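# What the coordinates show
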Amino acid sequence: MAETVIEVRGVRNQFGENVVHDGLDLDVFRGEVLGVVGGSGTGKSVLLRTIAGLQRPAAGQVRVLGTDVHEASEEKLAALGERIGVMFQDGALFSSLTVRENVEVPLGKIQELDPDVREALARLKISMAGLPWGAGEKYPSQLSGGMRKRAGLARALALDPEVVFLDEPTAGLDPIGAAAFDDLIRNLSRTLGLTVFLVTHDLDTLHAVCDRIAVLAEKRVLVTGTMEDMLDVDHPWVREYFHGPRARAAMTAIAPEDAKR
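Source: prediction; values computed, not measured.

Scanning the chain from terminus to terminus reveals 10 helices and 10 strands. Here the chain has a C-alpha radius of gyration of 18 Å; the compact-globule value for 261 residues is 18 Å, and the two agree. Along the longest, intermediate and shortest principal axes, the C-alpha atoms of the chain span 55 × 45 × 40 Å. Taking all 261 residues of the chain together, 49% fall into the buried category.

In spatial order, the strands read β6-β7-β8-β3-β9-β10; together these 6 strands make up an open sheet with mixed pairing. Each edge of the open sheet is held by one strand with a lone partner, namely β6 (84–87) and β10 (220–225). Here the average twist between neighbouring strands, direction ignored, is 20 degrees. In this structure, strand β3 (residues 33–38) lies alongside strand β8 (residues 195–199), joined through 4 bridges in parallel fashion. Looking at β8, one finds that Val33 is bridged to Val196. Those strands touched by helix α1 (residues 44–51) are β3, β6, β7 (163–167), β8 and β9 (212–217), and its axis lies near 145 degrees from that of β8.

What counts and how
- The residue count restarts for each chain, going from 1 along the sequence in the order it is written.
- Reporting of local features is limited, given that this is a predicted model, to residues whose pLDDT is at least 70; pairs of side-chain atoms are given and counted only at 80 or more, and all residues count toward the totals for whole chains, interfaces and linings.
- Calculated side-chain values reflect all of the structure's heavy atoms, with hydrogen atoms and water omitted.
- Here a helix means four or more residues in a row that DSSP labels H or I, a strand means two or more in a row labelled E, and each is numbered from the N terminus.
- Just to be clear, the radius of gyration here is over C-alpha atoms, and the globule rule we use is 2.2 Å times residues to the power 0.38.
- Only protein chains enter the accessibility calculation, which uses a 1.4 Å probe. A residue is then buried if its area is under 20% of the maximum for its type, exposed if over 50%, and partly exposed in between.
- In this description, strands pair whenever DSSP reports at least two bridges between them.
- In this analysis an axis means a line fitted to C-alpha atoms, helices contributing only their contacting stretch, and an angle means the value between N-to-C directions, from 0 to 180 degrees.
- Contacts are assigned to residue pairs with any non-hydrogen atoms lying within 4.5 Å of each other.

This is the structure we're talking about:
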């Protein structure tokens, strides 16, 4: 049996009278890439923030790597924070810091770390994210959208996390840039043994990267399974999403690549 590293039970999220999730359950297993999809307003990013401990649910329990993220002590939460990484949309970098300095921010939690070692580690993570060497000394405003996303990923990887949360990592990228980022995520997840919780609307990403998919609908996780499993789900939104022309195009484009691997 695969180890469960994220366990969500009975979560309810609401904003005023607007209930986004109600009785939501979800398991994420070690080493897998889970893609989370759903229609507009289903709370994909809200769920990510809830699991990552950035937003407290109105009800329910969330455990990540054995820690209750909304009830644990500050000491346990600090320890958990060193085992997870989060990449927000567009990187969410500090505009007044260079890319290297942004990546060094989480490394600053390690008080005994020599500054030279901290800088070297930051440069290593920048390289791992596929950025050129000189990008480390640039400011976010000097980078393209795709480079900012890679810089955000480098920061998420700074502390060698076991679990990484990615919020719409390919949104806004051109097809070539999105495909390159998909390859990066897949290669890093396999090389580093990462567990990846990935919010996306990109069908190409689902095909190229994800081991399983979780569909948000009707204020809960409606179904989880592989891409092939999704094709057999008899639900209007799922059927339209996974059987539509864009889905067929994605499947056609990915199939030859699968044959090569």
